[in-house]
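In case you want the letters, here they are:
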Amino acid sequence: MLYQIYETQRALMAPFAEFASASAKLYSHPLSPFAQLPMSQRVSAGFDLMHRLAKEYEKPAFGITSAEVDGVEVAVQERVAIHKPLCRLVRFKRFTDDPHALQAMKSQPTVLVVAPLSGHHSTLLRDTVRSLLHHHKVFITDWTDARMVPVEAGPFHLDDYVHYVQEFIRHIGPDVHVISVCQPTVPVLAAVSLMASAGEFTPRTLTMMGGPIDARRSPTAVNNLAMNKSHGWFETNVICRVPPNFPGAGRRVYPGFLQHAGFVAMNPDRHLSSHYDYFYHLIQGDEDSAESHRQFYDEYNAVLDMPAEYYLDTIKTVFQEFALVNGTWRVSGELVRPQDITDSAMLTVEGELDDISGAGQTRAAHGLCTGIPQARRFHYDVEGAGHYGIFSGRRWRERVYPQVRDFIARFDRAAAAGTASTARKAAGAEVIGLRGSRRRAR
């Protein structure tokens, strides 16, 4: 019923949002006589703000059409490598006619970015992808809004998330480097652990950023809510069925609008101040600052519904039972054993001011992945960075990305050198074997 009420309210507000948008232009367009009236700029700014508060925010596009590689601007095109009911594996394919840039691209490492399925769309990592494209071949998980997935596609559990990640890693191959941001650090670590336990190849490197590997450490408001409410409370109070006007009608979900309300409630003063500043910038004619506000909130206000099964599994497994760190988590009956990972290198990244995943929660992975030699495990604390600052914005570009880039490059070269050395040894052994066979034949 709550979802239906929200949809009714949204439908009622839509005409007012359009009216506010048209009125804002009426009082600001240089050819409009209303723009010449006293206080017209304030009136326009007020209508513009009203429009942005009332409008519906659709999923933004990645909008990455080019990248600089080896000093050359190359074209970038999105391609779908794998299409699953709840996710698309998207590759950002780069093109150029420049022979030097082409050679550089061929030799660059391949990175799989596992985006969070936790309210916002994968486009929230646009800045992450844009930086990575300078020195890497990039894939990303692009999660689908659950309200757009028919019930016939079946449920989606946390175990399914783990299997999706495994399928994507296998598709890309053993040369892949995996970066997980926030929520997926847990299922990604489980996916790689299970592959290691089964004797499969594991990624060359694992980079885990701002995730709740051990949510007991430095608990935040998000952790406290999950730990202080019962599993039944979440199922009763935040799970709804998708209304009939969407393809996923009848599917049980944790609605995006409830998640968005939770995001805003964490820092209401900051959002109120930001909207006031936007109004002020419009009055002052500071279009650059106003556009920066629009870009941020176009992304921040665009949310998706999560499958109820997946959300409830995550609450129980990660935030209530702490099954990963307690060694009790089973995925499809198989025990998750991070200590079985031996061949991958690992980097964990935390923000000093992170209010989503507290200090030490991501670093806890080092205590679990004891099979990885100490010389191949690293941690980086980002001073002055909040949760979003570790994967987006100036701190990401200037401080975090260089660390991630160099870490991946170091172990990509080491793995390639090791592969070449193994191949040479195997070739030598084959020659010796052939010589021995010839001697025996004589």
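Look above for the structure.
Residues numbered from 1 in each chain as written. Predicted model: local features only at pLDDT ≥ 70, side-chain atom pairs only at ≥ 80, totals over all residues. Heavy atoms only, no water.

This part takes up the nonpolar core. Core analysis: the largest hydrophobic core is formed by 103 residues, its most contacted members being Phe 92, Leu 112 and Trp 329. Once residues lying within four places of it in the same chain are set aside, the contact partners of Phe 92 are Phe 62, Ile 64, Val 76, Gln 77, Glu 78, Val 129, Leu 133, Val 138 and Ile 140. Judged by nonpolar contacts, the second largest core, of seven residues, contains Tyr 3, Val 242, Val 253 and Phe 257. (Core = buried A, V, L, I, M, F, W, Y, C linked by side-chain atoms within 4.5 Å. Buried < 20%, exposed > 50% of the residue type's maximum accessible area, 1.4 Å probe, protein only. Contact = heavy atoms within 4.5 Å.)

Two strands in a sheet stick together by hydrogen bonds in their backbones, pointing the same way (parallel) or opposite ways (antiparallel). Strand order across the open sheet formed by nine strands is 1-2-3-5-4-6-7-13-14, with mixed pairing between neighbours. Lying at the two open borders of the sheet, with one neighbouring strand each, are strand 1 (66–69) and strand 14 (377–382). With direction set aside, neighbouring strand axes in the sheet form an average angle of 25°. The pairing of strand 1 with strand 2 (residues 72–84) spans four bridges and is classified as antiparallel. The residue of strand 2 that forms the bridge with Glu 68 is Glu 73. Sitting on the sheet, helix 5 (residues 158–172) touches strand 2, strand 3 (87–95), strand 4 (110–114), strand 5 (137–143) and strand 6 (176–181), and the angle it makes with strand 2 is about 130°. The strands touched by helix 6 (residues 185–197) within the sheet are strand 4, strand 6 and strand 7 (205–209), with strand 7 carrying the most contacts at an inclination of about 160°. (Pairing = 2+ DSSP bridges. Helix = DSSP H or I, 4+ residues; strand = E, 2+ residues; numbered from the N terminus. Axes fitted to C-alpha atoms, helices over the stretch in contact; angles between N-to-C directions.)

Attention now moves to helix 11 (residues 287–300). In this model, helix 11 (14 residues) spans 20 Å end to end at C-alpha, consistent with the 20 Å of a helix rising 1.5 Å per residue. Among all positions of helix 11, only Ala 290, His 293, Arg 294, Tyr 297, Glu 299 and Tyr 300 are buried. Check the buried side of helix 11 and you find it contacts helix 2 (40–54), helix 4 (126–132), helix 9 (256–266) and helix 10 (268–284). (Expected span 1.5 Å × (residues − 1).)

A full pass over the atoms with the stated rule returns 25 aromatic pairs. With 4.9 Å between their ring centres and 85° between their planes, Phe 296 and Tyr 297 make a pair best called edge-to-face. Pairwise contacts between aromatic rings join Trp 143, Phe 156, Tyr 161, Tyr 164, Phe 168 and Tyr 310 into one cluster. Above the face of the Phe 95 ring, Lys 93 is positioned so that its terminal group lies 6.0 Å from the ring centre. The lysine or arginine in question, Arg 216, covers the ring of Phe 322, its NZ or CZ lying 5.6 Å from the ring centre. (Phe/Tyr/Trp six-rings, centres within 6.5 Å; stacked < 30°, edge-to-face > 60°. Lys NZ or Arg CZ within 6 Å of the ring centre and 35° of its normal.)

Within the secondary structure, Glu 350 sits in strand 13 (residues 345–351). There is no salt bridge for the buried Glu 350, and the closest opposite charge comes from Arg 363, which lies 6.0 Å off by N-O distance. Here the side chain of Glu 350 touches Gly 360 through a polar contact of 2.9 Å, landing on its backbone nitrogen. Among the polar contacts made by the side chain of Glu 350, one reaches the main-chain amide nitrogen of Gln 361 at a distance of 3.3 Å. Residues contacting Glu 350, with those up to four places away along its chain left out, are Gly 358, Ala 359, Gly 360, Gln 361, Thr 362, Arg 363, His 379, Tyr 380, Asp 381, Val 382 and Ile 390. (Lys, Arg positive; Asp, Glu negative; His and termini not counted. Salt bridge = Lys/Arg side-chain N within 4 Å of Asp/Glu carboxyl O. Polar contact = N/O pair within 3.5 Å; in protein donor to acceptor, adjacent residues only side chain to side chain.)

The volume enclosed by the second largest pocket comes to roughly 960 Å³. Lining of the second largest pocket is provided by 38 residues; of these, Tyr 6, Glu 56, Tyr 57, Asn 301 and Val 303 occupy positions nearest its centre. Here the residues of the lining of the second largest pocket sort into 17 nonpolar, 10 polar and 11 charged. (1 Å grid on protein atoms, 1.4 Å probe; cavity = no way out; pocket = protein on both sides within 12 Å on 5 of 7 lines; lining within 4 Å. Points joined across faces, edges and corners; volume = space filled by probe spheres on them. Nonpolar A, V, L, I, M, F, W, Y, C, P; charged D, E, K, R; others polar.)

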